[in-house]
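Descriptive analysis of the structure
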Amino acid sequence: MDFTFSEEQQAAAEAAAGVFADVVPDSVPSPADITGAVAEDFDRALWARLAEADLLSLLLDEEYGGAGLDAIALCLLLRESAKVLARVPLLESSAAAAAVQAFGSKELRSGLLARAARGELVLTVAAHGRTGHDPAELAVTARRDGDRWLLDGVQTAVPWAYNADLVVVPAHTDADRTVLALVAPDRDGVVLAEQISTTGERLAELRLESVPIAVVDVIDADGAWEWLRDLLTAGTCALALGLGTAVLRMTAEYTGKREQFGFPVATFQAVAVQTADRYIDLRAMEATLWQAAWRIASGAPGALPAAADLAVAKIWAAEGVRRVVQTAQHLHGGFGADTEYPLHRYHAWAKHLELSLGPAAAHEEALGDLLAAHPLA
């Protein structure tokens, strides 16, 4: 197995590192310091810099101003963003735009993609269902009404819903199919109820009451939702990997300077063993992520569907990032709880990523179902 990145993918990662170099992880108030959301909007200045560097259009074709790259390049970009806790809808907007390109009509593509590539149009995705534990595609129903669709239902924990121009909503039809509807948050029949993540970021419960959506704004191609969900899952794993990498580096620097009994605590066997275990976690997170991203990007067949690789990657991402931040807190001692030090914020983001799109247990169950349905020889 060759995980060597192409020159184009490496160039995207290097460009991302350059854009994120000046981002300060604690540039917004800590969720521990205030009640409610830490900010009303995402980092628009950073969003503009990403657009200027052509990093909002990596997955889009050249005709829309994109680079025509793949899921691996997006994951490299997301890994860099998570190292500094970049407060931008990079995963959601990029994945939604890619889904429109892959499955949307020509009219929909021409109306949205160039604007999304320039950062002028912000997209997000309702991917957590009614409760966060049930399939997102079953939380909303879509019924055809002449030349439009009508949507009814509830989606919880929609990221950036208050700031996005369009929300991609999976919905279930009477014909037992899933469609993707592009819904403007300010449309008649749409109600947003504020929810606050562990990160302190503003989420929304999205309530839809007979919301009319034009046919052109609905993607009804087979497999569109599954493809988008897989890309979101891989991207979430990439965010967890980037965050965990930054936290382990932070821990290594701290334990290398902190002294007890005249020696750096990093030289103590108990500390070295714990950090070595977390390094192994990160390498497992990395290997499973790139395997899953490669399956999405290449469409290569395997003994199991690509969904199995994604389940394995999310299991490692959820469990691994949790262990990394918990060990970091332990090795930092009381200093790790200081709200003037960024570790507590990384911890809050790690908990959010651990549970996003399902915790490890949910993906273990999904993997078990796939193994049962596709017995290995």
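Everything below is about the structure shown above.
In this report, we go over the structure that sits alongside the text.

1. Some points on the overall build of the chain
- Scanning the chain for helices and strands turns up 10 helices and 10 strands.
- Taking 21 Å as the expected radius of gyration for a compact globule of 377 residues, we find that the chain reaches 21 Å, a close match to that expectation.
- For the chain, the spread of C-alpha atoms along the principal axes amounts to about 80 × 55 × 40 Å.
- Burial analysis of the chain (377 residues in total) assigns 54% to the buried set.
- Intrachain contacts of the chain at a sequence separation of at least 6 include 74% that bridge at least 24 residues.
- Entry remark: accessible area of the chain is about 16,300 Å², with carbon and sulfur atoms responsible for 52%.

2. What about the packing of aromatic side chains?
- Tallying each qualifying case throughout the model produces four aromatic pairs.
- Pairing Phe5 with Trp290 gives two aromatic rings, centres 5.0 Å apart and planes at 75 degrees, and the pair type is edge-to-face. Of the two residues, Phe5 is situated in the segment before helix 1 (7-20) and Trp290 in helix 7 (residues 269-298); the sequence distance between them amounts to 285 residues.
- By relative accessible area, Phe5 is classed as partly exposed at 23%.
- Here a set of aromatic residues connected by ring pairs shows up, and it is made of Phe42, Trp47 and Trp160.
- In this structure, Arg202 is placed above the aromatic ring of Tyr162, and the distance from its NZ or CZ to the ring centre is 3.7 Å.
- In this arrangement the basic side chain of Arg283 is found over the ring face of Tyr279, its NZ or CZ atom lying 4.8 Å from the centre.

3. So, the nonpolar core
- Within the largest apolar cluster, 96 residues are counted, with the highest numbers of intra-cluster contacts made by Phe20, Leu50, Leu228 and Leu243.
- Among the elements that make up this core, the one with the highest residue count is helix 6 (residues 224-257) (17 residues).
- Here Leu243 is in contact with Ala82, Lys83, Leu85, Val321, Val325, Tyr346, Trp349, Ala350 and Leu353, once residues within four sequence places are set aside.
- Counting residues in hydrophobic clusters, the runner-up holds 20 residues, among them Ala142, Leu151, Ala161 and Val218.

4. What to know about the side chain of Glu354
- The residue Glu354 is located in helix 9 (residues 343-355) in this model.
- In this view, Glu354 contacts Lys314, Ala318, Arg322 and Pro359; residues no more than four positions away in its chain are not counted.

5. Thoughts on the pattern of salt bridges
- One pass over the full model with this rule turns up 21 salt bridges.
- Arg202 serves as the salt-bridge partner of Glu40, at 3.2 Å between the closest nitrogen and oxygen. With Glu40 in the loop between helix 1 and helix 2 (44-52) and Arg202 in strand 7 (residues 202-214), this residue pair connects regions lying 162 residues apart in the sequence.
- Between Arg278 and Asp281 there is a salt bridge; the shortest N-O distance is 2.9 Å. Pair noted here: Arg278 and Asp281 are both in helix 7, with a separation of three residues, about one helical turn.

6. Remarks on unusual backbone geometry
- Positioned with a positive phi, Leu85 is a non-glycine residue whose angle comes to about 55 degrees.
- Looking at Leu85, the relative accessible area reads 2%, which means it is buried.
- For Leu357, which is not glycine, the phi dihedral falls at a positive 60 degrees.
- Note on placement: Leu357 falls in the loop between helix 9 and helix 10 (360-373).

7. What about the environment of Glu205?
- Residue placement: Glu205 occurs in strand 7.
- For the pair Glu205 and Ala39, spaced 166 residues apart in sequence, the C-alpha separation works out to 17 Å.
- When sequence neighbours within four positions are dropped, the list of residues in contact with Glu205 reads Val154, Gln155, Thr156, Val191, Leu192, Ala193 and Gln195.
- Separated by 2.5 Å, the side chains of Glu205 and Arg207 make a polar contact.

8. Some details on helix 3 (residues 71-83)
- Here helix 3 is 13 residues long and its end C-alpha atoms lie 19 Å apart, about the 18 Å a rise of 1.5 Å per residue gives.
- For helix 3, the side-chain oxygen to backbone nitrogen distance between the N-cap and Ile72 is 3.2 Å, and the N-cap itself is Asp70.
- At the C-terminal side of helix 3, Leu85 shows a positive phi close to 55 degrees.

9. Observations regarding the state of the cysteines
- Inspection of the entire model under this criterion finds zero disulfides.
- Cys237 supplies the cysteine sulfur nearest to Cys75, a cysteine that is in no disulfide, at a spacing of 7.9 Å.
- Residue classification places Cys75 among the buried residues on the basis of a relative accessible area of 0%.

10. Quick notes on the pairing of strand 5 (residues 178-183)
- Among the six residues that make up strand 5, six are buried, leaving the element largely enclosed by the rest of the structure.
- Residues of strand 5 alternate between two faces, with Thr178, Leu180 and Leu182 on one and Val179, Ala181 and Val183 on the opposite face, all of them buried.
- Where strand 4 (residues 166-173) meets strand 5, six bridges bridge the pair, whose relative direction is antiparallel. Its bridge partner lying in strand 5, Val169 is registered against Ala181.
- Hairpin remark: strand 4 followed by strand 5, antiparallel, with four residues in the connecting loop; positive phi at Asp176, about 60 degrees.

11. Topic: the packing of helix 4 (residues 90-103) against helix 5 (residues 106-117)
- The contact between helix 4 and helix 5 brings their axes to 10 Å, and the two run at 150 degrees. On the basis of their axis angle, the class for helix 4 and helix 5 is roughly antiparallel. The chirality of how helix 4 crosses helix 5 is left-handed. Along its contact with helix 4, which presents Ala97, Val100 and Gln101, the element helix 5 presents Leu108, Arg109, Leu112, Leu113 and Ala116.
- A breakdown of the residues in the contact of helix 4 with helix 5 according to their chemical character gives six nonpolar, one polar and one charged.

Rules and cut-offs
- Residues numbered from 1 in each chain as written.
- Predicted model: local features only at pLDDT ≥ 70, side-chain atom pairs only at ≥ 80, totals over all residues.
- Heavy atoms only, no water.
- Helix = DSSP H or I, 4+ residues; strand = E, 2+ residues; numbered from the N terminus.
- Rg over C-alpha atoms; globule rule 2.2 N^0.38 Å.
- Buried < 20%, exposed > 50% of the residue type's maximum accessible area, 1.4 Å probe, protein only.
- Contact = heavy atoms within 4.5 Å.
- Areas by Shrake-Rupley, 256 points an atom, 1.4 Å probe, with all protein chains shown as cover.
- Phe/Tyr/Trp six-rings, centres within 6.5 Å; stacked < 30°, edge-to-face > 60°.
- Lys NZ or Arg CZ within 6 Å of the ring centre and 35° of its normal.
- Core = buried A, V, L, I, M, F, W, Y, C linked by side-chain atoms within 4.5 Å.
- Salt bridge = Lys/Arg side-chain N within 4 Å of Asp/Glu carboxyl O.
- Polar contact = N/O pair within 3.5 Å; in protein donor to acceptor, adjacent residues only side chain to side chain.
- Expected span 1.5 Å × (residues − 1).
- Disulfide = S-S within 2.5 Å.
- Pairing = 2+ DSSP bridges.
- Axes fitted to C-alpha atoms, helices over the stretch in contact; angles between N-to-C directions.
- Parallel < 35°, antiparallel > 145°, perpendicular 65-115°, else oblique.
- Left-handed = near helix turned anticlockwise from the far one by under 90°.
- Nonpolar A, V, L, I, M, F, W, Y, C, P; charged D, E, K, R; others polar.

Remember that the coordinates give geometry; whether it matters functionally is a separate question.
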